[in-house]
Structure formats: structure tokens, C-alpha cells
Amino acid sequence: MTRESEESKPEDLSHPQLRTGKMAPKHLRRKDLTPEALNELQHRRRVIGAGLKRMFDGVTTEPIPADFLQLIQKIGRLAEE
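Rules used throughout
Residues numbered from 1 in each chain as written. Predicted model: local features only at pLDDT ≥ 70, side-chain atom pairs only at ≥ 80, totals over all residues. Heavy atoms only, no water. Helix = DSSP H or I, 4+ residues; strand = E, 2+ residues; numbered from the N terminus. Buried < 20%, exposed > 50% of the residue type's maximum accessible area, 1.4 Å probe, protein only. Areas by Shrake-Rupley, 256 points an atom, 1.4 Å probe, with all protein chains shown as cover. Expected span 1.5 Å × (residues − 1). Salt bridge = Lys/Arg side-chain N within 4 Å of Asp/Glu carboxyl O. pLDDT = per-residue confidence, 0-100. Contact = heavy atoms within 4.5 Å. Patch = residues over 30% accessible without salt bridge, like charges linked within 9 Å, V, L, I, M, F, W, Y side chains within 5 Å.

A. Representation of the overall build of the chain within the structure. Counting secondary structure elements, the chain contains four helices and zero strands. When the helices and strands of the chain are read in sequence order from the N terminus, they spell out α-α-α-α. Across the 81 residues of the chain, 9% fall into the buried class. A total accessible area of about 7,400 Å² is found for the chain, and carbon and sulfur atoms account for 59% of it.

Okay, here's the thing in C-alpha cells:
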């Protein structure tokens, strides 16, 4: 049996994701963690992600500083030459 077929046919159906047929992305699969520890890790990642999103959402609406915009335009002109 290849490694890919082992991953696609999990034997331990006690994990909630496996019971529902939804597998976690490869980077979230941790064989060294219990299902409870894995759930806690995923929860922490979601909380951190939500916090970062709240923190940086406002950055996307801030205006670009004039001196930075001038620098970008200068680089663009130099690249065209």
C-alpha cells in the first residue's frame, strides 16, 4: 500500500473529521497528537488568525503615504526605460 492510499483511507474513525468524511489539509495533519490536542491546536490557529485579521483589516483601507507612492512611481519609470 502506498503512502497516498494510506492517507486517503484512514483507519481511525474516532476523529470527528474522519467521521464526517472531511480530511484536514496536509499541513494540519499531525499524527503525533491526540484528536483532542489536534482540535485544541486548530482552535488556537483559528483564534490567532481571527485576531490577525482584525488587527490588519484596517491597513488595507489606509492611504499610501505620498513619499512611498512617489518612490513606487519612480521605480516604475526606471523599469520602463
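B. Main features of helix α3 (residues 35-57). Taking 1.5 Å as the rise per residue, α3 with 23 residues should run 33 Å; its terminal C-alpha atoms sit 32 Å apart, in good agreement. Regarding α3, the residues found buried are Leu 38, Gln 42 and Gly 51.

C. Focus on the pattern of salt bridges. In the structure shown here, the tally under the stated rule is two salt bridges. Between Lys 53 and Asp 57 there is a salt bridge; the shortest N-O distance is 3.4 Å. With a gap of four residues between them, Lys 53 and Asp 57 both fall in helix α3, about one helical turn apart. By relative accessible area, Asp 57 is classed as partly exposed at 39%.

D. Fine view of the confidence of the model for the chain. Averaged over all residues, the pLDDT of the chain equals 76, while 63% of them reach at least 70. Mean pLDDT values over the elements of the chain span from 44, in helix α1 (residues 3-8), up to 94, in helix α4 (residues 66-80). Long-range and interchain partners of residues 1-13, a stretch whose pLDDT sits below 50, account for nine contacts in this model, where long-range means more than four residues apart.

E. A nonpolar patch on the surface, seen in detail. A contiguous nonpolar surface patch, about 540 Å² in accessible area, is contributed by Ile 64, Phe 68, Leu 69, Leu 71, Ile 72 and Ile 75. Turning to its location among the elements, Leu 69 is positioned in helix α4. Residue classification places Leu 69 among the partly exposed residues on the basis of a relative accessible area of 35%.

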